[in-house]
Every structure is written in structure tokens, then in C-alpha cells.
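Observations on the three-dimensional arrangement
Residue-level listing of the chains:
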Amino acid sequence: MKRILSIGLLLLGALSATALPASALQHPTKDLQKNWGTDVMNVTQAQLHPDHWLQNLKNPEQQVMTQEQINAHNQGLIVHNRFVSDPLSIPDSLTDKQLTAKIHSISKVPKSARYFVDGRQLSPQVYKVYQDNMAFAPAPNEHKVEFGLMVKRAALRTFPTDERVLNSGMDADLDRFQESALFPGDAVAILTYSKDKQWALVQGFNYLAWTRVENFALGSKQQVAEFKDESDFVVITGAKVFTQYVPDMPAVSEQQLDMSVRLPLVSENDVPTALYGQNPYANYVVWLPTRTPQGKLSLQKALIGRSQDVHLGYMTYTKANVIRQAFKFLGERYGWGHDYNGRDCTGFVGEIYRSFGILMPRNSGDQGGTDFGIDSRFSKQSPMADKLAAIESLEVGDLLYIPGHVMLYLGDEKGQPFVIHDVKGLAYFDENKKLYKGTLNGVSVTPLLPLRLSEKNSYVDRLYNIKRIR
């Protein structure tokens with residue numbers, strides 16, 4: 001998602017009137033509102049259930065990629081894609097020049113004006129405060145890189161500040177200093193600290209940005225590697241799962257774990273018959289990273305009820321599981337850069353595929369613009385007929401990219417391709433051929449063809465890549 005905002009930011013719509021048959025543009029608004037009061041075109045209540053789409057699949061449980069193939073995919077990204085990395089591969093030290101380049105790669109003063117939520121414009125003096133807090137003392141013997149694990153869901157920020165900053169549109173949902181998020185158990189390299197020691201510049205598997213120091217715990221590279229590479233683990237497969245309540249131990253009590261979090265299992269020999277005053281036999285007992293008062297890594301046992309939506313090891317990558325995972329987010333409010341305890345369009349698809357162990361770059365332009373999987377690319381000069389032909393050949397789980405947005409293909413009904421996506425706006429031509437503008441602002445099921453970005457441009461007009469992960 002993020003950073004590509006020039007086309008009307010996140011989604012308003014699809015195909016041009018001249019490029020589509022009339023049937024693709026029809027929108028029986030009155031009938032839909034009469035039936036169940038929605039302004040989302042051509043969507044029935046049945047289509048808001050995964051079983052509706054699962055019943056149309058051929059060989060729904062057929063494995064798309066083996067775990068060995070997925071591991072090879074990930075290694076290829078780490079080696080060849082500059083937007084995905086192994087944080088543990090970061091050198092143990094950085095020169096002044098290298099560290100400066102890292103900071104400047106994320107913490108750039110934007111060319112466009114930015115505003116606080118009260119309407120005050122950020123001045124050069126405000127940015128100087130941020131820059132002064134990021135300044136570091138020169139190191140003749142280079143800067144030591146530390147390593148650690150995230151201990152909670154944590155925001156990644158452009159600058160070391162929690163201040164919400166908007167663009168001239170003053171959309172309070174879009175904090176332009178919000179970059180991404182990391183989850184408990186994610187490995188990070190800690191490159192430097194802010195001058196006030198409240199923030200650190202961290203490199204995760206697909207993003208570099210600032211986070212508060214209380215969000216991670218420091219460990220040796222070996223500790224982090226052993227945690228990260230443990231072969232006996234559970235993966236969170238629900239949208240959000242919580243550890244069991246534990247009196248007087250907030251570090252392991254009711255901790256939120258988002259889809260794709262991976263935690264090692266405690267070996268059976270180390271599981272007691274009573275843990276925190278509870279018999280753990282009806283729970284998964286996992287190692288949860290926690291932070292000591294000194295900021296060091298301490299792995300503590302935590303309980304996740306077996307009734308919770310978790311999976312032993314990664315889920316099998318099948319088309320059916322892609323649909324099941326996508327619908328677990330249905331209705332969740334849109335969260336730019338994982339804001340609002342949610343996620344955006346790329347966070348949505350990223351966490352779905354990470355449930356299978358598949359890594360991706362963070363932002364939509366980095367996903368759609370780099371080569372992995374099978375790409376079907378279109379230029380600005382590509383004929384509309386070529387795009388429509390490619391759409392007719394879509395497979396469930398394919399990812400469709402327009403500037404600033406990604407959608408996941410669900411299936412076709414009566415000649416209409418449908419997608420599920422985490423999307424902010426809504427626009428289409430109504431039955432009077434007038435451009436209707438509404439809002440979605442969450443994970444939504446929609447037909448693809450009627451969606452528009454403006455009167456002149458549709459989603460399909462701006463479609464530049466279709467990616468198949470295999």
C-alpha cells in the first residue's frame with residue numbers, strides 16, 4: 001500500500017465505460033438497498049461467507065507449494081529482493097556512513113506539507129527536533145549492531161515520535177509517519193538509538209523504521225536465531241488470538257497475537273502439570289519473548305487455548321486456505337501502515353500468505369513492482385483487451401496491483417470477477433451513469449470491474465501487474 005498516493009489514495013474504483021460491456025457497469029442500487037440496505041454494488045450476503053467461494057473451487061485442498069518450495073521462495077527473496085531481508089544477516093557493526101544512509105532511507109523530510117491533527121503545519125524547526133533526536137556520535141570503531149525479538153505488536157514510525165501527522169487532505173485515518181508494524185516473536189536488528197534513548201531504528205524482515213525500545217528485548221544473535229529457526233512451533237491463523245489470562249504476570253497475560261505470528265512450542269518434558277495455577281493440558285504451551293527491566297530477552301511460558309485459531313506448523317498452502325484466511329479479516333477496519341490495531345491492503349495479503357510461511361515485501365509498489373512468483377505485467381500502453389483476457393484467466397489467490405493498492409482474487413460469478421481487499425474508498429457509476437462515492441474503510445468483498453478511481457479512470461485502467469504466488 002503506502003507511499004503511492006498520487007492517484008486518489010486507496011481505492012475508489014474500476015473499468016472505463018468505453019472499455020466494458022454495458023452489463024459490467026450495471027448497478028441495481030435500488031434493488032440492493034431494498035434487499036439489505038447496502039451501497040456496495042452487486043454483492044449478496046451469501047458472498048460474505050467463505051463457503052460460498054469454496055464450493056466453486058476445483059481441487060480446493062490441492063497443495064500449491066510444498067514447504068521446501070516455500071523455503072526456496074523466501075531464500076530467493078532474501079538474496080535477490082532488496083525489500084526482504086534476514087535481520088540476522090545485518091553486519092555486526094556499521095560505519096558512520098552506513099548508519100547515516102540507513103537513517104536517511106526512512107527518515108526523509110517529505111517534499112509535501114504535513115500537518116498535525118489540530119491543523120498546524122510542521123515547520124523546519126519541528127523536523128529539526130526529530131533530526132536532532134536521530135543524530136548519533138561518530139564512532140571511530142564503527143557502531144555495534146544489536147539483535148532482539150519483538151515482545152508486543154509495535155508500530156514502526158518514519159521518525160522517532162508518536163505524533164500523528166497528516167497531509168493536506170487532513171484525513172485523520174492516514175498518519176503519514178506510520179510505516180508498518182512488527183509482531184511478537186519477529187526478529188530484529190537494532191541499528192541505533194535516538195538521543196533520548198526512547199526509540200530505536202530496527203530492521204525487520206521487510207521493513208526498516210523506528211520503534212519504541214519497550215517493544216523489543218535484546219538477545220544474542222544465537223538466541224534470536226534459535227528462536228526463529230525452532231522446528232516445533234505454532235502459527236497464529238486467526239485474525240487475532242490472545243494468550244490466557246495470568247494473574248500478576250502482564251508480560252504473558254492476554255497478549256495479542258496477530259495472524260502469522262510464529263511461536264516455538266515448549267517441549268513436552270518441560271510442560272508442568274500446573275502452570276500459573278492452571279493445568280495446561282487443554283492449551284498449547286509456547287515460548288513467548290518478554291523483556292526484563294534491563295531490556296534483555298527472557299523467554300517465558302505462555303498458554304494459548306486449544307480452542308483458539310492456531311495451527312501446528314505452517315498451514316498448507318492451498319486455494320481453499322487462502323480463502324479461509326482472507327475471510328477471517330472480513331469487516332476489520334482499515335489501518336494505514338497497521339494503524340488502528342488493524343492492517344492495510346498489503347498487511348492484509350502479507351499476513352494471509354505468511355500463514356503458509358511465505359514472505360513478501362511490505363508495500364504494494366514493492367510487491368507489485370518486483371519479480372517473484374509469476375508476474376503478468378501491463379504498461380500504460382497495454383490494450384484493455386489484454387487486461388480483460390488476463391482477468392478471465394485469474395486463479396483464486398492471485399494478487400492484482402494498481403498504484404497504491406493490492407487485491408486478492410476470490411472467483412467469478414456470472415461473468416463478474418470478485419476480489420477481497422482491505423480498502424478505504426468506494427466509487428462506481430450508478431444506474432444513472434453518475435459517479436457514486438462512498439466508503440468501505442475495511443476488509444471488503446467487491447466486484448472488480450465496476451470499481452473506479454475517478455470518472456476517467458477505473459481500477460482495471462490502472463492495473464499494472466497480476467501476481468501468482470507459486
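Scroll up to find the structure this text is about.
The notes below deal with the structure included here. Predicted model only: the values in this text are computed from it and were never measured. (Residues numbered from 1 in each chain as written. Predicted model: local features only at pLDDT ≥ 70, side-chain atom pairs only at ≥ 80, totals over all residues. Heavy atoms only, no water.)

**Section: the pairing of strand E18 (residues 297-305)**
Summarising the sheet, strand E17 (residues 283-291) and E18 pair through nine bridges and their orientation is antiparallel. When the bridges of E18 are listed, Asn283 appears paired with Gly305. Connecting the antiparallel pair E17 and E18 is a turn made up of five residues, with Gly295 showing a positive phi of about 85 degrees. (Pairing = 2+ DSSP bridges. Helix = DSSP H or I, 4+ residues; strand = E, 2+ residues; numbered from the N terminus.)

**A short note on the sheet that holds strand E24 (residues 416-429)**
Strands sit in the order E21-E26-E22-E23-E24-E25 across an open sheet of six strands; the sheet is antiparallel. A strand with exactly one partner marks an edge of an open sheet, and here the two such strands are strand E21 (374-377) and strand E25 (435-447). In this sheet, neighbouring strand axes are inclined to one another by 35 degrees on average, regardless of whether the strands run parallel or antiparallel. Relative to E24, strand E23 (residues 405-413) is paired through five bridges, and the arrangement is antiparallel. Of the residues in E24, the one forming a bridge with Gly411 is Phe418. Sheet strands touched by helix H8 (residues 319-327): E23, E24 and E25. Its angle to E23, the strand with the most contacts, is close to 120 degrees. Where helix H9 (residues 345-354) meets the sheet, it contacts strand E22 (399-402), E23, E24 and E25, and its direction lies at approximately 65 degrees from that of E23. (Axes fitted to C-alpha atoms, helices over the stretch in contact; angles between N-to-C directions. Contact = heavy atoms within 4.5 Å.)

**Things to note about the packing of H8 against H9**
Taken N-terminus to C-terminus, the directions of H8 and H9 make an angle of 130 degrees; their axes are 9 Å apart at the nearest point. One way to sum up the angle between H8 and H9 is to call them oblique. The interaxial crossing formed by H8 with H9 has right-handed handedness. Between H8 and H9, the residues in contact are Val322, Gln325 and Ala326 and Phe348, Ile352 and Tyr353, respectively. (Parallel < 35°, antiparallel > 145°, perpendicular 65-115°, else oblique. Left-handed = near helix turned anticlockwise from the far one by under 90°.)

**Some words on the packing of aromatic side chains**
Following the criterion strictly, the structure yields 13 aromatic pairs and no others. Between Tyr127 and Tyr130, the ring centres sit 6.2 Å apart and the planes meet at 80 degrees, which makes this aromatic pair edge-to-face. Here Tyr130 and Tyr127 lie together in helix H6 (residues 124-134), a separation of three residues that amounts to about one turn. Considered together, Tyr127 and Tyr130 belong to a single accessibility category, that of buried residues. Judged by centre distance (5.6 Å) and plane angle (75 degrees), the ring pair of Tyr317 and Tyr353 falls under edge-to-face. (Phe/Tyr/Trp six-rings, centres within 6.5 Å; stacked < 30°, edge-to-face > 60°. Buried < 20%, exposed > 50% of the residue type's maximum accessible area, 1.4 Å probe, protein only.)

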